[in-house]
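What follows is each chain in one-letter form.
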Amino acid sequence: MRYAVLGTGVVGQVIAGKLASLGHEVAVGTRDPEATLARSEPDGYGNPPFAHWKAAHEQVRLKTFADAAAWAESVVNATSGAGSLQALDAAGAANLAGKTLVDIANPLDFSQGMPPSLNPVNTDSLGEQIQRLFPQAKVVKTLNTMNCQVMVDPARVSGEHTVFVAGDDADAKKAVSELLVSFGWPHGSILDLGSIDAARGTEMLLPIWLRLWGAVGHADFNFHIQGGHTAA
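Residues numbered from 1 in each chain as written. Predicted model: local features only at pLDDT ≥ 70, side-chain atom pairs only at ≥ 80, totals over all residues. Heavy atoms only, no water.

Visitor: Explain the sheet that holds strand β10 (residues 190-192) residue by residue, including any values.
Guide: On the basis of which strands lie adjacent, the open sheet formed by eight strands has the order β3-β2-β1-β4-β5-β8-β9-β10 and mixed pairing. Every other strand in the sheet has two partners, leaving β3 (61-64) and β10 as the edge strands with one partner each. Averaged over all adjacent pairs, the angle separating strand axes in this sheet is 25 degrees, with direction ignored. In this structure, strand β8 (residues 138-142) lies alongside strand β9 (residues 163-167), joined through three bridges in antiparallel fashion. Bridge pairing in β9 places Val-140 opposite Gly-167. On the sheet, helix α7 (residues 126-133) packs against β4 (74-77), β5 (100-103) and β8 and is oriented at approximately 170 degrees with respect to β8. (Pairing = 2+ DSSP bridges. Helix = DSSP H or I, 4+ residues; strand = E, 2+ residues; numbered from the N terminus. Axes fitted to C-alpha atoms, helices over the stretch in contact; angles between N-to-C directions. Contact = heavy atoms within 4.5 Å.)

Written out as structure tokens, the structure is:
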């Protein structure tokens, strides 16, 4: 499978690296590939520049948003939530049409400082906004309720824990669930929440997730929903 992972931050790097390790062809999408590779300073969280990661993952291509989306069979939105709509617009509606679009971003709003709030929230979600703006894409919201290392290595958290999926297209949710299983998620840990408007709820877990991160002092934790799980 050819995957475009939109976003060059640590989340995009982790997802792209995992996909490549599983034998998929992967392209990371960015606004300006030359500028991305030219950056030599750590990012705002202290992570090494993208060029360091790229040097260790030579098999992963680096393309513009549009070229990556056009080339790929499936797309992962790993951009920051505040920039997701702009990045997907740059990717192009025609290049997203008919493809599964895995949305793992959260609409964190840092305009009032820390901790961030959510925008949109309550009556809308980033996942829904993406589906409305790109109606021919098959948007599936998943993996946005945990740290990126746990996304691709659920064994980092001991015991049973849960990953949610939400979307309007049943076949797309099934494909994403199969991808999650390849990441190491047991079928019984995948909980289908229904249509894309369930993204409101999963995105609204982020404020408590951030508080938990601060309280426990690390990010190797996740939510566990005890009871009947139904995979997509």
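Visitor: Describe the packing of aromatic side chains, listing the residues and the values that go with them.
Guide: For the structure shown, the criterion picks out three aromatic pairs. Residues Trp-209 and Trp-213 carry aromatic rings whose centres are separated by 5.4 Å and whose planes lie at 45 degrees to one another, so their mutual orientation is tilted. Linking Trp-209 with Trp-213, this pair stays in helix α11 (residues 206-216), spanning four residues, or about one helical turn. Judged by relative accessible area, which is 7%, Trp-209 ranks as buried. With a relative accessible area of 42%, Trp-213 lands in the partly exposed category. (Phe/Tyr/Trp six-rings, centres within 6.5 Å; stacked < 30°, edge-to-face > 60°. Buried < 20%, exposed > 50% of the residue type's maximum accessible area, 1.4 Å probe, protein only.)

Visitor: Kindly report on helix α1 (residues 10-21), identifying the contributing residues and their values.
Guide: Here α1 contains 12 residues, and its C-alpha end-to-end distance of 16 Å stays within 8% of the 16 Å for a straight helix at 1.5 Å per residue. The set of residues buried in α1 consists of Gly-12, Gln-13, Val-14, Ile-15, Ala-16, Gly-17, Leu-19 and Ala-20. Residues of α1 that are buried sit in contact with β1 (2-6), β2 (25-30), α3 (50-55), β4, α8 (148-152) and α9 (170-183). Phi turns positive one or two residues past the end of α1, at Gly-23, with a value near 95 degrees. (Expected span 1.5 Å × (residues − 1).)

Visitor: With reference to specific residues and values, describe the packing of helix α5 (residues 84-91) against α7.
Guide: Direction vectors running N to C along α5 and α7 enclose 25 degrees, while the axes themselves pass 11 Å from each other. Accordingly, the angle class assigned to the pair α5 and α7 is roughly parallel. In terms of crossing hand, the pair formed by α5 and α7 is right-handed. The residues of α7 that touch α5, namely those facing Ser-84, Leu-85 and Leu-88, are Leu-126, Gln-129, Ile-130 and Leu-133. Taken together, the residues that form the contact of α5 with α7 break down as five nonpolar, two polar and no charged. (Parallel < 35°, antiparallel > 145°, perpendicular 65-115°, else oblique. Left-handed = near helix turned anticlockwise from the far one by under 90°. Nonpolar A, V, L, I, M, F, W, Y, C, P; charged D, E, K, R; others polar.)

Visitor: Summarise the packing of α1 against α9; cite the residues concerned and give the values.
Guide: With their axes 11 Å apart at the nearest point, α1 and α9 run at an angle of 85 degrees to one another. Relative to α9, α1 is oriented roughly perpendicular. Contact with α1, carried on its side by Ile-15, Lys-18 and Leu-19, involves Leu-179, Ser-182 and Phe-183 of α9 and no other residues of that element. Broken down by class, the residue content of the contact of α1 with α9 amounts to four nonpolar, one polar and one charged.

Visitor: Any chance you could break down the pairing of β1 for me, citing the residues and the numbers?
Guide: Within β1, four of the five residues are buried, which leaves the element mostly enclosed by the surrounding structure. Both β1 and β2 contribute to a ladder of five bridges, which runs parallel. Looking at β2, one finds that Leu-6 is bridged to Gly-29. Of the crossover connections in this fold, the one passing from β1 over α1 to the parallel β2 is right-handed. Across four bridges, β1 lies against β4 in parallel orientation. Of the residues in β4, the one forming a bridge with Leu-6 is Asn-77. (Right-handed = clockwise from strand over helix to strand, strands pointing away.)

Visitor: An account of α5 is needed here, citing residue identities and associated values.
Guide: Within the span of α5, buried status applies to Ser-84, Ala-87, Leu-88 and Ala-91. All buried residues of α5 project into a common sector of 95 degrees when viewed along the axis, lining one side. Among the exposed residues of α5, those oriented more than 90 degrees off its buried face are Gln-86 and Asp-89. Each element contacted by the buried residues of α5 is listed here: β1, α4 (65-71), β4, α6 (93-96), β5 and α7. Looking at the residues trailing α5, positive phi occurs at Gly-92, about 100 degrees. (Arc of directions from axis to C-beta.)

By themselves, these are just geometric observations and shouldn't be taken as functional.
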